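Architecture and fold: a report
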Amino acid sequence: MSEALEVFNNITKLYKENKYIELVNVLKRESESNEKKHYEQLLNSIAQIVNKDEEIPLSLFIQIVDDEKNLPIKKRISWLINWVAISPAIAHEKFYGEIYPSLMDTEEMLDFIYVYHASVLPRVIIEHPEKLDLIKRFEKIISTQVHDLDARADLFKSIIRYCHHMKEYEYAISLLLKNIDLFSSTSIWSDLYVLSLNSQNKEIIINAIASINSYIIKIDRQTEQLEEIKDRIKRFLREAFTTLKNEIKDIEEFEKEYQSERQQLSEEKRGLLEYSIGSQNKYIKNKFVVENEKALESDDVELLLQTVNQLTILDIISGSLHQKGLNLRKILKNYSVPIKESEQLKQMNKILEAKLLTLYIKETRDHYINHMEQFDEENPEYKNLMKDLVKEINKKVQNEYQLHKLKDIQEAKNHIFQLFKQEGIDRFLASDETLKNQLIIGEVTYRNFIEMGRLVKEDSKLEISSIDYSAAAIPFTVALEHTLEKYFFSEFKEYCERIEERVPQNVQDITRGRGYFSLGGFTFELAMPDYKRVSEQYFRHKFRNGYVIPSYSLYEFTFRGERKTKVDDSFIFVKDVTALSQLRNKVAHKDPISKNDADKIRQNIIGLDQEDIEGYRNLNIKILIQLLKDIRE
């Protein structure tokens, strides 16, 4: 076998075995040998066939050898790119093993960082076993080596996108928040919103909400300064338009003089004059005035800013006026964000607050469910835990309610008051703070969760599998529970005392805090014989003969060998409360409360909006509304 063929076979073998560095070393030895005849033969070869459809890219390997021999490391951009074409993994090793140690803290480092970011990272990350470690390592290089803040922001945005695709939301958000001041584009807030909403980490969401709020405050402060900004821009633009019009007049006068004196001028002066008063120059100035002067009549800050930018970019004003425009652009850089985005960011935060609330409620539910699983649903301990669970959820929802803007609360309040006014029972809202507040809290939270559900459904970037609507449902049930306790126990006790009738023991226990009342126990409490004995007279006194009937019957049954009393099924009002209680008690299950269940709970207590009713076949029961309509004054 000839020596040349042996070299070829060796190169072919190394290439087949993916031993690319060894292959380069073979080429280096051949290029440094005295005779170099084999190397020259390789240079004259286009490629060596390896498999049926694959060829050795000898030209790339040879170029790598030549670059390593002839180029200092700070000039080896093409060398690194060639390694990428052969093996992204080796290019990655070369970047960290040779480039970074040699060029650290030098101006040349930035070019290689961009090459690594654009050519190496996208390829090597696919196969890398520790993707997040790879990202973190590159992030540290960016933080220490990229001093241009705009360049650093662009590179960080790219890393954040990688983390999003990898579902490493916590790291992406921590990186974003740590460098939030770098990002002038509001698109970053959208990224933060999506990442946070996909996260299950409460601290991450809290930090995101705080950062967005901080930015909202900044924009709102800008809004307060709008009038001053608009006046300043308009003064500058008015001066610029006046100057441009005067310049156009001067050009037109020069043109007239030029036409009359053209023949008397020397060729040099004629050329200079034609350049200075050229029709193109006049056309640009005139076109700008015609298309943009209307901006002076507008209060649209973005239009005014755009006009300033266009005027300075076109460079059609000169001298001190041009410098004034440049300074104005620099000062107004922070106002390049549309003020309307403040409202969009506020909406983002409302949704993040709803997500945060679902995480808190999930923790609460999990804690109670673990304890409740030890008891049967008829066990008093189970019922106690159920009541505490509802109380805890309601407490968290009320805390969330304090975060809502006055506008959201007012809209919910208007809806509840209008609904009660239409039913002729708005007086109850005026006289019962607990009833009013729970209904408004429920309505605010319900609307917020509906909006979150809509956005999750519409936005393919959001990866939330299901939303727990417990927070949107519980306040309505608490409002009903409060009303039942008020009229069936507290006022029932007062009635008994007024007519000098003995107060039933269960009523005494509940009103004195020794017992408890909940939706699930309503039927049980009404089935007490002592309660039934006085109730008919009280019902006739307190309620009209409508939804809440003035009398009801009991029957006895045996449960686990013990005789018990039960309310007859003909008492529709109690049946509705019991059915609602069973629906509400899904909060004690591991699965989240669905939107459909939350709708049904709201529907059965106060009714659904007219446009929503069509989606439900059940009658719009409205237990609370019907109960209050039946109460006598």
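Read on for an overview of the structure. Along each chain, residue indices are assigned from 1 in the same order as the chain's sequence is written. A pLDDT threshold of at least 70 governs which residues receive local features in this predicted model, and a stricter bar of 80 or more applies before side-chain atom pairs are shown or counted, although totals over entire chains, interfaces and linings include all residues. Processing note: side-chain calculations cover all non-hydrogen atoms of the structure and skip hydrogens and water entirely.

Once that is clear, we can look at the side chain of Thr358. Helix and strand assignments follow DSSP, with helices taken as H or I runs no shorter than four residues and strands as E runs no shorter than two, numbered in order from the N terminus. Among the structural elements, Thr358 can be located in helix H18 (residues 341-372). Pairs of N or O atoms within 3.5 Å make up the polar contacts considered here, provided that, within protein, one atom can donate a hydrogen while the other can accept it, and that residues adjacent in sequence are counted only when both atoms are side-chain atoms. A distance of 2.4 Å separates a polar atom in the side chain of Thr358 from the backbone oxygen of Lys355. With residues near it in sequence (within four places) discarded, Thr358 still touches Phe449, Met452 and Asp468. Every residue pair with non-hydrogen atoms within 4.5 Å of one another is taken to be in contact.

The next point concerns the packing of aromatic side chains. Each pair of aromatic rings taken from Phe, Tyr and Trp, with Trp reduced to its six-membered ring, is defined by centres within 6.5 Å and is described as stacked if the planes are under 30 degrees apart, edge-to-face if over 60, and tilted in the remaining cases. Counted by the stated rule, this structure contains 27 aromatic pairs. Ring centres of Phe488 and Phe539 lie 5.6 Å apart, and the angle between their planes is 90°; this geometry places the pair in the edge-to-face category. One end of the pair, Phe488, is in helix H23 (residues 470-498); the other, Phe539, is in helix H26 (residues 529-542), and 51 residues separate them in sequence. Each member of the pair, Phe488 as well as Phe539, is classed as buried. Centroid distance Phe539 to Tyr552: 5.8 Å. Interplanar angle 35°. Geometry classified as tilted. Burial classification: accessible surface area is computed with a 1.4 Å probe over protein chains only, and a residue below 20% of its type maximum counts as buried, one above 50% as exposed, and the rest as partly exposed.

Axes here mean lines fitted to C-alpha atoms, for a helix over just the part in contact, with angles spanning 0 to 180 degrees between N-to-C directions. Orientation of helix H6 (residues 88-103) relative to helix H8 (residues 131-145), taken along the N-to-C sense of each, is 35°, at an axis distance of 13 Å. For the element pair H6 and H8, the recorded crossing hand is left-handed. Of H8, the residues touching H6 (which contributes His92, Phe95, Tyr96 and Tyr100) are Leu134, Arg137, Phe138, Ile141, Thr144 and Gln145. By definition, any crossing whose near helix is turned counterclockwise from its far helix by less than a right angle is left-handed, and any crossing with a clockwise turn is right-handed.

Their axes nearest at 10 Å, the elements H23 and helix H30 (residues 623-630) cross at an angle of 25°. If you check the angle between H23 and H30, you find them roughly parallel. In this structure, H23 crosses over H30, and the sense of that crossing is left-handed. Along its contact with H23, which presents Leu480, Thr483, Leu484, Tyr487 and Phe488, the element H30 presents Ile623, Leu624, Leu627 and Leu628. Broken down by class, the residue content of the contact of H23 with H30 amounts to eight nonpolar, one polar and no charged. Reported orientations rely on four angle classes, namely roughly parallel under 35 degrees, roughly antiparallel over 145, roughly perpendicular from 65 to 115, and oblique for the rest. Three residue categories are used. Nonpolar comprises Ala, Val, Leu, Ile, Met, Phe, Trp, Tyr, Cys and Pro, charged comprises Asp, Glu, Lys and Arg, and polar comprises the others, including Gly.

Moving on to the pairing of strand S2 (residues 562-567). Pairing analysis gives six bridges linking strand S1 (residues 554-559) to S2, with the strands arranged antiparallel. By the bridge assignment, Thr558 is partnered in S2 with Arg563. For two strands to be treated as a pair, DSSP must find no fewer than two bridges joining them. The turn linking S1 back onto S2 is made up of two residues, and Arg560 within it adopts a positive phi angle of 55°.

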